Amino acid sequence: MTQTAPAAFSVSPALKAVYQRDGFVHVPSIISREEASEFRAAALSATARLGAISDNAMFRQSVNVWREDSAMAKLTQHPNVAAAAEQLAGVALRLWHDQILIKPALSSKPTEFHQDQPYWPHSASTHPISAWIALVDVPVERGCMTFIPEAQGRTELPPTSLAAQQGFFDVAPDLMWSARVTVPLRAGDCTFHHGRCPHMATPNFTDEARVAHVVIFVDAATIYTGSKHVVTDPLGLEAGAVLDGEMFPRASSFTR
Ligand SMILES: O=C(O)CCC(=O)C(=O)O
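Peer 1: Hey, could you run me through the site of the ligand in this one?
Peer 2: As a structural note, the neighbourhood of the ligand is formed by Phe59, Leu101, Lys103, Thr111, Asp116, Ser130, Trp132, His199, Ala201, Ala212 and Val214. For the shell around the ligand, the secondary-structure elements that each account for two or more residues are β4 (93–103), β7 (129–134), β11 (199–201) and β12 (210–219). In terms of residue class, the shell around the ligand is built from six nonpolar, three polar and two charged.

Written out as structure tokens, the structure is:
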């Protein structure tokens, strides 16, 4: 698979300022359209081969595909994605996990508002950042992301259900009245969002599946708390230790 974009990807100071203010930012062409098309085929084949941990009207979700699929590992470890994530976060990062998220064609359900970090067994991670990479064109009608800007400082909120329409607003009723920003993406574009930025994804009303790959980074200094999570449960990690080891490589190892 060809990597056409330059290895030393650079995010402009203006985009970095937007990310730090809003908690999310749109980065066009993080990979080329040709790469997106090749990774779309790889994602569909990996999902069919590896199976999914969730498969419902919201999405088909396959986690940590980079461990099992060499084609998708190239996207998870893409130097542009890692470089942009570290520049936006402004701290050293490590990979937490990746996931392919496919919203089925026609009448899928929305992914309801939530923050990501409350699901994770982490402490000492104040700069978690996810790269949501569109592998097909994702207009609003195909299941694109919607964000609530300037709410990433809300670190006190508990986890909420991805399926419950009111779930997030039950715990953060004031944010019900905040402006929301919906970001359609062309294939190869990416949004980065902070792990505390509230977000949702619209339903897919089109006749083509929405294929996205999400690469999630956390602070390199993140501590494993011992709480249950599908990624860490099988690993026998020690609660209170730095999240480390071959499952959680440093982002800087991808940027070379
Ligand atoms: O793509 C979706 O349906 C939801 C994605 C999401 O919530 C995330 O990447 O954190």
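Peer 1: Got a minute to help me understand the sheet that holds strand β5 (residues 111–114) in this structure?
Peer 2: Note on sheets: strands pair through backbone hydrogen bonds, and any given pair is parallel or antiparallel. With antiparallel pairing, four strands are arranged side by side in an open sheet as β5-β11-β8-β9. Either end of the sheet is taken by a strand with one partner, and the two such strands are β5 and β9 (181–183). Across the sheet, the mean angle from the axis of one strand to that of its neighbour is 20 degrees, orientation sign disregarded. Pairing between β5 and β11: two bridges, direction antiparallel. Looking across to β11, one finds that Thr111 is bridged to Ala201.

Peer 1: When you look at helix α2 (residues 33–50) in this model, what are you seeing that I'm missing?
Peer 2: Each turn of an α-helix holds 3.6 residues, which means side chains three or four residues apart point in the same direction. The end-to-end C-alpha distance of α2 is 25 Å, a good match for the 26 Å that 18 residues give at a rise of 1.5 Å each. Those residues of α2 not exposed but buried are Glu35, Ala36, Phe39, Ala42, Ala43, Ala46 and Thr47. Angular distribution of buried residues about the axis of α2 spans 135 degrees; they occupy a single face of the element. Summarising the geometry of α2, the exposed residues directed more than 90 degrees from the buried face are Ala41, Ala48 and Arg49.

Peer 1: It is not clear to me how the nonpolar core should be interpreted in this structure. Could you clarify?
Peer 2: Nonpolar side chains in soluble globular proteins tend to end up buried together. Ala85, Ile133, Leu135, Phe192 and Phe217 are the most contacted members of the largest nonpolar core, which totals 64 residues. With residues up to four places along the chain from it excluded, the contact list for Leu135 reads Ala36, Phe39, Arg40, Ala43, Ala187, Val211, Ala212 and His213.

Peer 1: I tried to follow unusual backbone geometry on my own but got confused; where do I start?
Peer 2: Note on backbone geometry: most residues besides glycine have negative phi, and most peptide bonds are trans. Positive phi is not limited to glycine here, since Ser29 has a value of about 50 degrees. Here Ser29 is to be found in the loop between β1 (24–27) and α2. If you check the backbone angles, Glu150 has positive phi at about 60 degrees while not being a glycine. You can call Glu150 partly exposed: it has 14 C-beta atoms within 10 Å.

Peer 1: Can you help me understand the sheet that holds β4 in this one?
Peer 2: Reading across from one edge, β1-β10-β7-β12-β4-β3-β2 is the order of the seven strands in this open sheet, with antiparallel pairing throughout. The open sheet has two free edges, formed respectively by β1 and β2 (54–55), since each of these has just one partner strand. Note: β1 against strand β10 (residues 190–194), four bridges, orientation antiparallel. Directly across from Phe24, in β10, lies its bridge partner His193. Contacting β1, β4, β7, β10 and β12, helix α4 (residues 79–89) crosses the sheet at an angle of about 140 degrees to β7.

Rules and cut-offs
Residues numbered from 1 in each chain as written. Predicted model: local features only at pLDDT ≥ 70, side-chain atom pairs only at ≥ 80, totals over all residues. Near = placed C-beta within 6 Å. Helix = DSSP H or I, 4+ residues; strand = E, 2+ residues; numbered from the N terminus. Nonpolar A, V, L, I, M, F, W, Y, C, P; charged D, E, K, R; others polar. Pairing = 2+ DSSP bridges. Axes fitted to C-alpha atoms, helices over the stretch in contact; angles between N-to-C directions. Expected span 1.5 Å × (residues − 1). Buried ≥ 20, exposed ≤ 12 C-beta atoms within 10 Å, placed from the backbone. Arc of directions from axis to C-beta. Core = buried A, V, L, I, M, F, W, Y, C linked by C-beta atoms within 7 Å. Contact = placed C-beta atoms within 7 Å.

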